[in-house]
Amino acid sequence: MGFDTVVAAIMVTAIIVAVAYTFLAGSTMIAEYSIESYKEAVQMAVKKLRSDVTIINVTYDNSTNTITAYFKNTGAERYPDFTEFDTILYGKTDSGDMVAFYLNSTSYTIVNELINPGIFDPHELAKLDSPLTQPLANGSYVLLLCTPNAVCDSYDFRIP
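(A) Broad picture of the packing of aromatic side chains. All chains considered together, the criterion is met by eleven aromatic pairs. Taken together, the aromatic side chains of Phe71, Tyr79, Phe82, Phe85, Tyr108 and Phe120 make up a single cluster linked through ring pairs.

In C-alpha cells form, the structure reads like this:
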C-alpha cells in the first residue's frame, strides 16, 4: 500500500464522517422544530378548551339604534382586554332580506367585577354596546360573539 492510498482512505473517511454529521445535525434540527410546533399546537388547543363565553341577553333600542348584550365568561381563560373579541350580527327581515353586520365600533364594559380590576376573569359579567349604522327592520336576528381563541356563542332574538 502506497502513501497515496493511505491519504485517499483518510480523505474518504473524513468525508463519510462529515456527511454523517450533516445528516445527524439536520435530523436533530428537524426534530426540535417539530417538537416546538407540536407544543404550540397543544397550548393553543388547551386555551381553546379552557375558553367559553355565554351570551345572557340581547336587546335592541330602536330610538338610539344600539345593540346591547350581556355575556359571561364561563370558561377558565382570562382576557386582559376586549380588543380581539369579534361581534357579528346577522339575520333575516320579515320582508325576506338577509342582513349581516360586523360590529366594529363595539364598546365593552365589565359589569360584575369579582377580582383583578380591568381583566375579564372567569365568572364575571360583561356588557357590550354597539351603535348600528342603520336601523334594524322587523325580523329574526342572531348575535355572534367570539373570543380571541375562536370560541363563539350566539343568541337569537326577534324585533317585532
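(B) Region of interest: the environment of glutamine 43. The residue glutamine 43 is located in helix H1 (residues 3–50) in this model. Judged by relative accessible area, glutamine 43 falls into the exposed class, the value being 54%. Along the chain, glutamine 43 and threonine 68 lie 25 residues apart, while their C-alpha atoms are 33 Å from each other.

(C) Geometry of the state of the cysteines. Across all of its chains, the model carries one disulfide by this definition. The disulfide bridge from cysteine 146 ends at cysteine 152, spanning 2.0 Å between sulfur atoms. Because the torsion about its S-S bond is 105°, the bridge between cysteine 146 and cysteine 152 counts as right-handed. On the basis of relative accessible area, cysteine 146 is assigned to the buried category, the value being 10%. Taking relative accessible area as the criterion, cysteine 152 reaches 36% and is therefore assigned partly exposed.

(D) Structural view of the pattern of salt bridges. For the structure shown, the criterion picks out four salt bridges. In this structure, the salt-bridge partner of glutamate 36 is lysine 39, at a minimum N-O distance of 3.8 Å. With glutamate 36 and lysine 39 both in helix H1, this residue pair falls three residues apart, about one helical turn. In this structure lysine 39 comes out as partly exposed when scored by relative accessible area, which is 42%.

Quick notes on the rules
- Residues numbered from 1 in each chain as written.
- Predicted model: local features only at pLDDT ≥ 70, side-chain atom pairs only at ≥ 80, totals over all residues.
- Heavy atoms only, no water.
- Phe/Tyr/Trp six-rings, centres within 6.5 Å; stacked < 30°, edge-to-face > 60°.
- Helix = DSSP H or I, 4+ residues; strand = E, 2+ residues; numbered from the N terminus.
- Buried < 20%, exposed > 50% of the residue type's maximum accessible area, 1.4 Å probe, protein only.
- Disulfide = S-S within 2.5 Å.
- Salt bridge = Lys/Arg side-chain N within 4 Å of Asp/Glu carboxyl O.

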